[in-house]
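Structural overview for review
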Amino acid sequence: MSSKLLALLSISLALTASVQARPESYAVWAANSAIARGQGNGLTSAGSPTVSYEHGEFQSGLRLLYERTGNDTYFEYIVQAVDKIVSANGTVGGDYVFNSFALDPIRYEQTGLAKYKTAADTFRRQLDGHPRTAQGQFWHKLRYPNQGWLDGIYMGELFYTQYTATFQPTNQTAWNDIASQFNLMFINTLQNATAPNTTGLLYHGYDFSHVASWADSDRGHSPEVWDRAMGWYSMALVDVLSLLPPSSPSSPAIEQLRGTLLSILHILLPRIRDAAEPETGVWWLVMTEPGRAKNYFESSGSTMFVYALLRAVRLGYIEDVDGSLIAAAKKAYAYIVDNFVVDNGDGTMGWLGTVI
């Protein structure tokens, strides 16, 4: 074999290895794979600018990964994506609707560019005019009048908290309102001890007006506990706690909010632990119907629970006295990486078991 052919073969093998190599970190692997596919880049599949919670959530994960690794690739990807919907003067374009929140306050803190503050102000004004139930809960969407959904807590209150912490840290009304959003959702969706197949967790949502076909006579709650909705709410608890400023005499409402979130967290996390399927350690899609035909172990909610459990213990929001919270999270994590993670063979990671 000629030296030239050997050289070409060596280069080819090296390139193949570099494409197929995967990072040791699943977080890095997942992020790099999504970036390679152009996910969360501020554009729809048709190439039009879009404001969506899916993009915002991916960018939120990239921000955490950037803070941990210092890899500017992640930060630049976020900026490029946001700039597809935020113009030079801060106008929010694309298909902007209320329930789509970007991370503009964070972008402003890290870049100092006024356009991100202007865009954040636009989102913040939407909260002032967004319709609410008679109790004060934000409607999930305009087309779902008087309905509060667990998902909406993550999509709304993270932005609300970040904006208030960054720009209005002494706004007692805002801090009290954030606490109210969490508390209203909790008291209106918490399963009663006498409910069929009770988990002691939260139903997916509720209709305060009781007119939806699924609304129960008891508080108008939905019929079942859905793992991903419960996952959104549990992640919102730990993430909002991480965004709160330190206690201050000038902002007593911050400490009241912190107490509300910690109280709810201490109730829910042990119940999430106990709701895991014993053999696998992960969670059913419909948590109130374990083993029912067509029910299955769902990957996105299970991953959310692992995140909430580990972050709550690591940041000291809950004491894992007997080690059972960490043990539950580790058991679920092991099942997740063995059964839901897919090596696509081209260096990217795929994912199974997520409800659409």
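Anyway, here's the lowdown on the structure attached to this text.

Cut-off values and rules
- Residues numbered from 1 in each chain as written.
- Predicted model: local features only at pLDDT ≥ 70, side-chain atom pairs only at ≥ 80, totals over all residues.
- Heavy atoms only, no water.
- Helix = DSSP H or I, 4+ residues; strand = E, 2+ residues; numbered from the N terminus.
- Buried < 20%, exposed > 50% of the residue type's maximum accessible area, 1.4 Å probe, protein only.
- Contact = heavy atoms within 4.5 Å.
- Areas by Shrake-Rupley, 256 points an atom, 1.4 Å probe, with all protein chains shown as cover.
- Axes fitted to C-alpha atoms, helices over the stretch in contact; angles between N-to-C directions.
- Parallel < 35°, antiparallel > 145°, perpendicular 65-115°, else oblique.
- Left-handed = near helix turned anticlockwise from the far one by under 90°.
- Nonpolar A, V, L, I, M, F, W, Y, C, P; charged D, E, K, R; others polar.
- 1 Å grid on protein atoms, 1.4 Å probe; cavity = no way out; pocket = protein on both sides within 12 Å on 5 of 7 lines; lining within 4 Å.
- Points joined across faces, edges and corners; volume = space filled by probe spheres on them.
- Salt bridge = Lys/Arg side-chain N within 4 Å of Asp/Glu carboxyl O.
- Phe/Tyr/Trp six-rings, centres within 6.5 Å; stacked < 30°, edge-to-face > 60°.

In terms of regular secondary structure, the chain is built from twelve helices and four strands. Here the chain, with 356 residues, has 49% of them falling under the buried criterion. In the chain, the share of contacts with a sequence separation of at least 24, taken over all contacts with a separation of at least 6, comes to 65%. Summed over its atoms, the accessible surface of the chain is roughly 16,500 Å², and 56% of this surface lies on carbon and sulfur atoms.

Here we come to the packing of helix α8 (residues 172–189) against helix α10 (residues 252–275). As a packed pair, α8 and α10 sit with axes 8 Å apart at the nearest point and diverge in direction by 15°. Compared by their axis directions, α8 and α10 come out roughly parallel. The two elements α8 and α10 meet at a crossing, and its hand is left-handed. Touching Q172, W175, N176, I178, A179, F182, N183 and F186 of α8 are P252, A253, I254, Q256, L257, T260, L261, I264, I267 and L268, all from α10. Considering only residue class, the contact of α8 with α10 consists of 13 nonpolar, five polar and no charged.

To continue, consider unusual backbone geometry. In most cases, non-glycine residues show a negative phi, while peptide bonds are predominantly trans. The phi angle at N146 is positive, at roughly 65°, despite the residue not being glycine. Assignment of secondary structure puts N146 in the loop between α6 (114–129) and β1 (147–149). Judged by relative accessible area, which is 19%, N146 ranks as buried. Despite not being glycine, K294 shows a phi value in the positive range, around 75°. Since its relative accessible area comes to 83%, K294 is described here as exposed.

In this model, the largest pocket occupies a volume close to 2,100 Å³. Taken together, 44 residues form the lining of the largest pocket, with A27, A30, E57, G61 and T303 sitting closest to its centre. Elements that contribute at least two residues to the lining of the largest pocket include exactly α2 (26–36), α3 (53–69), α9 (227–243), α11 (299–314), α12 (324–339) and β4 (349–351). Here the lining of the largest pocket gets 13 residues from one element, more than from any other, and that element is α3. Residues that form the lining of the largest pocket fall into these classes: 24 nonpolar, eleven polar and nine charged. Size it by volume and the second largest pocket reaches roughly 180 Å³.

A few words on α2. Burial in α2 covers these residues: V28, W29, A31, S33 and A34. Positive phi shows up at G38, right after α2, with a value of about 75°.

This part is about the environment of Q80. Within the fold, Q80 resides in helix α4 (residues 72–82). The class of Q80 is partly exposed, set by a relative accessible area of 45%.

Let us look at the pattern of salt bridges. Between side chains of opposite charge, a pair can form as their charged atoms come close. A full pass over the atoms with the stated rule returns ten salt bridges. D121 is the partner of K117 in a salt bridge, and the nearest nitrogen-oxygen pair spans 2.9 Å. Here D121 and K117 lie together in helix α6, a separation of four residues that amounts to about one turn. Classification of K117 by relative accessible area gives partly exposed; the value is 24%. The class of D121 is buried, set by a relative accessible area of 17%.

For the coordinates displayed, the defined rule picks out 17 aromatic pairs. Note on Y26 and W29: the rings are 6.1 Å apart at their centroids and 40° apart in plane angle, and the pair reads as tilted. Of this pair, Y26 and W29 are both found in helix α2, three residues apart, which corresponds to roughly one turn of the helix. Residue class for Y26 comes out partly exposed when judged on its relative accessible area of 27%. Given a relative accessible area of 2%, W29 falls into the buried group. Aromatic side chains Y335 and F340 sit 5.7 Å apart centroid to centroid with 75° between the ring planes, which places their arrangement in the edge-to-face category.

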